Amino acid sequence: MQSIVLVEDDDSIRAMLEYYLKSVGYEVRAYESGERLFAQERECASLYILDIMLPGMDGLEVLSRLRQGPETESCPVIMLTARSTELDKVAGLESGADDYMVKPFGIMELGARVKALLRRTAPKEKRLTLDGLEMDVGARVLRERGRTVELTYKEFELLRLLLSRKGSVLTRDEILQSVWGYDFTGETRTVDMHIKTLRQKLSGDYIQTVRGVGYKIP
């Protein structure tokens, strides 16, 4: 599951954003100050959302420290602020922010920007392999022991997700969010049906069912 770290000193805004981001499938860790962030976080999250106007260490200083850390220097960051002048936006972007939103903002727009930034900054695997499977992501070709396997678009994306997260159990909801998008209105039965067709097209027993949880490729 993709993780988002939120640093916002306004309790109501922090609670609202935390609730919304969790509701659309992200793991969220929220802090009221930069000091609390660095006291508890050691590794890079999938994305950071930083308010600029923070008590003590402001958002730009938090951003600077993230960019100086070997574990966090390339982590995507969205800045939130009540400041709306062009100079403030330039300062944030030149400090290393990837995106910038001015308060008040629409929660759905923030969600769309988060999704777009995560998609844009996600590491791209060009070739995924497992035993006799070889997936050329760029060419969108799957071969099993030299035999080309014809997959639909969603079957390909589903198998790519499982291969890229090899060893991890993915819930049906996580698969729906990643492959179909969090606004997909179908039921999790859709995932089961696509897993079934993948298994029918592949001769090897690659996909394991984890009862009561979801699926994984061991």
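Read on for an overview of the structure. Remember, predicted model here, so these are calculated numbers, not experimental data. Every residue gets a number counted from 1 within its own chain, in the order that chain's sequence is written. Local features in this predicted model are restricted to residues whose pLDDT is 70 or higher, and side-chain atom pairs enter the listing and the counts only when it is 80 or higher, whereas totals over whole chains, interfaces and linings include all residues. Computation of side-chain values covers all heavy atoms of the structure but excludes hydrogens and water.

**Examining the overall build of the protein**
Phase 1 of the analysis: Helices and strands together make up the secondary structure of the protein, namely eight helices and twelve strands.
Phase 2 of the analysis: Dimensions of the protein, computed from C-alpha atoms along their principal axes, come out at roughly 60 × 30 × 30 Å.
Phase 3 of the analysis: In the protein, which comprises 218 residues, the proportion classed as buried is 42%.
Phase 4 of the analysis: Taking the intrachain contacts of the protein between residues at least 6 apart in sequence as the baseline, contacts between residues at least 24 apart amount to 54%.
Phase 5 of the analysis: Looking at the protein as shown, the accessible area adds up to about 11700 Å², and 48% of this sits on carbon and sulfur atoms. Numbering of helices and strands starts at the N terminus; helices are DSSP runs of H or I of at least 4 residues and strands are runs of E of at least 2. Per-residue accessibility, obtained with a 1.4 Å probe over protein chains only, is compared with the maximum for each type, and a residue is labelled buried under 20%, exposed over 50%, and partly exposed between these values. In what follows, a contact means two residues having at least one pair of non-hydrogen atoms within 4.5 Å. Note that accessible areas follow from Shrake-Rupley with a 1.4 Å probe, and for residues the cover is restricted to the protein chains shown.

**As for the packing of aromatic side chains**
Phase 1 of the analysis: The rule is short: rings of Phe, Tyr and Trp, with Trp giving its six-membered ring, pair when the centres are within 6.5 Å, and they are stacked under 30 degrees, edge-to-face over 60, tilted in between. Under the counting rule described, the total for this entry stands at zero aromatic pairs.
Phase 2 of the analysis: Any Lys NZ or Arg CZ that is within 6 Å of a ring centre and within 35 degrees of that ring's normal is treated as a charge sitting over the ring. The lysine or arginine in question, arginine 65, covers the ring of phenylalanine 38, its NZ or CZ lying 4.0 Å from the ring centre.

**A few points about unusual backbone geometry**
Trans is the common state for peptide bonds, and a negative phi is the common state for residues other than glycine.
Phase 1 of the analysis: Residues lysine 103 and proline 104 are joined by a peptide bond in cis, for which omega reads -5°.
Phase 2 of the analysis: Considering the arrangement of structural elements, one finds proline 104 in the loop between β5 (99–102) and α5 (107–121).
Phase 3 of the analysis: Phi at aspartate 131 is positive, roughly 50°, even though this residue is not glycine.
Phase 4 of the analysis: Structurally, the position occupied by aspartate 131 is in the loop between β6 (127–130) and β7 (133–136).
Phase 5 of the analysis: Despite not being glycine, arginine 145 has its phi angle at roughly 50°, a positive value.

**Points about helix α3 (residues 59–68)**
Phase 1 of the analysis: Among all positions in α3, only Gly59, Val62, Leu63 and Leu66 are buried. Down the axis of α3, the sector holding all buried residues measures 100°, keeping them to one side.
Phase 2 of the analysis: Identification of polar contacts relies on pairs of N or O atoms within 3.5 Å, with a donor-acceptor requirement for protein atoms, meaning one able to donate a hydrogen and the other able to accept it, and with residues adjacent in sequence counted only if both atoms are side-chain atoms. Among the residues of α3, the N-terminal cap falls to aspartate 58, whose side-chain oxygen and the backbone nitrogen of leucine 60 are separated by 3.2 Å. Arc definition: it is the arc formed by the directions from the helix axis to the C-beta atoms.

**Description of the pattern of salt bridges**
Phase 1 of the analysis: Whenever Lys or Arg places a side-chain nitrogen within 4 Å of a carboxyl oxygen from Asp or Glu, that contact is recorded as a salt bridge. Here the structure, examined in full by the defined rule, presents 18 salt bridges.
Phase 2 of the analysis: The salt bridge involving aspartate 192 is made with arginine 172; its shortest N-O contact spans 2.8 Å. Placement of the pair is aspartate 192 in helix α8 (residues 189–201) and arginine 172 in helix α7 (residues 172–180), with a sequence separation of 20 residues.

**Looking at the sheet that holds strand β12 (residues 214–216)**
Phase 1 of the analysis: In short, DSSP must find at least two bridges between two strands for them to pair. Strand order in this open sheet of three strands is β10-β12-β11, and the pairing throughout is antiparallel. Each having just a single partner strand, β10 (170–171) and β11 (208–210) make up the two edges of the open sheet.
Phase 2 of the analysis: Across two bridges, β10 lies against β12 in antiparallel orientation. Note on β12: the bridge partner recorded for threonine 171 is glycine 214.
Phase 3 of the analysis: Packing against the sheet, α8 makes contact with β11 and β12, and its axis sits at approximately 35° to β12. Fitted lines through C-alpha atoms serve as axes, helices being fitted only where they are in contact, and the angles separating the N-to-C directions of these axes extend from 0 to 180 degrees.

**Quick look at the packing of helix α6 (residues 153–164) against α7**
Phase 1 of the analysis: Closest axis-to-axis distance for the α6/α7 pair is 10 Å, and the angle between their directions is 125°. Judged on the interaxial angle alone, α7 and α6 are oblique. The two elements α6 and α7 cross, and the hand of that crossing is right-handed. Residue-level contacts link Lys154, Glu157, Leu158 and Leu161 of α6 to Ile175, Ser178, Val179 and Trp180 of α7. Note on angle classes: values under 35 degrees are labelled roughly parallel, values over 145 roughly antiparallel, values of 65 to 115 roughly perpendicular, and the remainder oblique. For any helix crossing, the convention is left-handed if the near helix is rotated counterclockwise from the far helix by under a right angle, and right-handed if that rotation is clockwise.

**Structural notes on the state of the cysteines**
Phase 1 of the analysis: Criterion for a disulfide: a pair of cysteine sulfur atoms within 2.5 Å. Per the counting criterion, the structure on display carries one disulfide.
Phase 2 of the analysis: A sulfur-sulfur distance of 1.6 Å marks the disulfide that ties cysteine 44 to cysteine 75. Of this pair, cysteine 44 sits in the loop between α2 (34–40) and β3 (47–51) while cysteine 75 sits in the loop between α3 and β4 (77–81), and the two are 31 residues apart along the sequence.
Phase 3 of the analysis: A residue is classified by how much of its surface remains accessible, and cysteine 44, at 35% relative accessible area, is partly exposed.

**Describing the pairing of strand β2 (residues 27–31)**
Phase 1 of the analysis: Across five bridges, the pairing between strand β1 (residues 3–7) and β2 is parallel. Within β2, the residue paired with leucine 6 across the bridge is alanine 30.
Phase 2 of the analysis: When the strands point away from the viewer and the connection leading from the first strand across the helix to the second strand turns clockwise, the crossover is called right-handed. A crossover connection joins β1 to the parallel β2 through helix α1 (residues 11–23); in handedness this β-α-β unit is right-handed.

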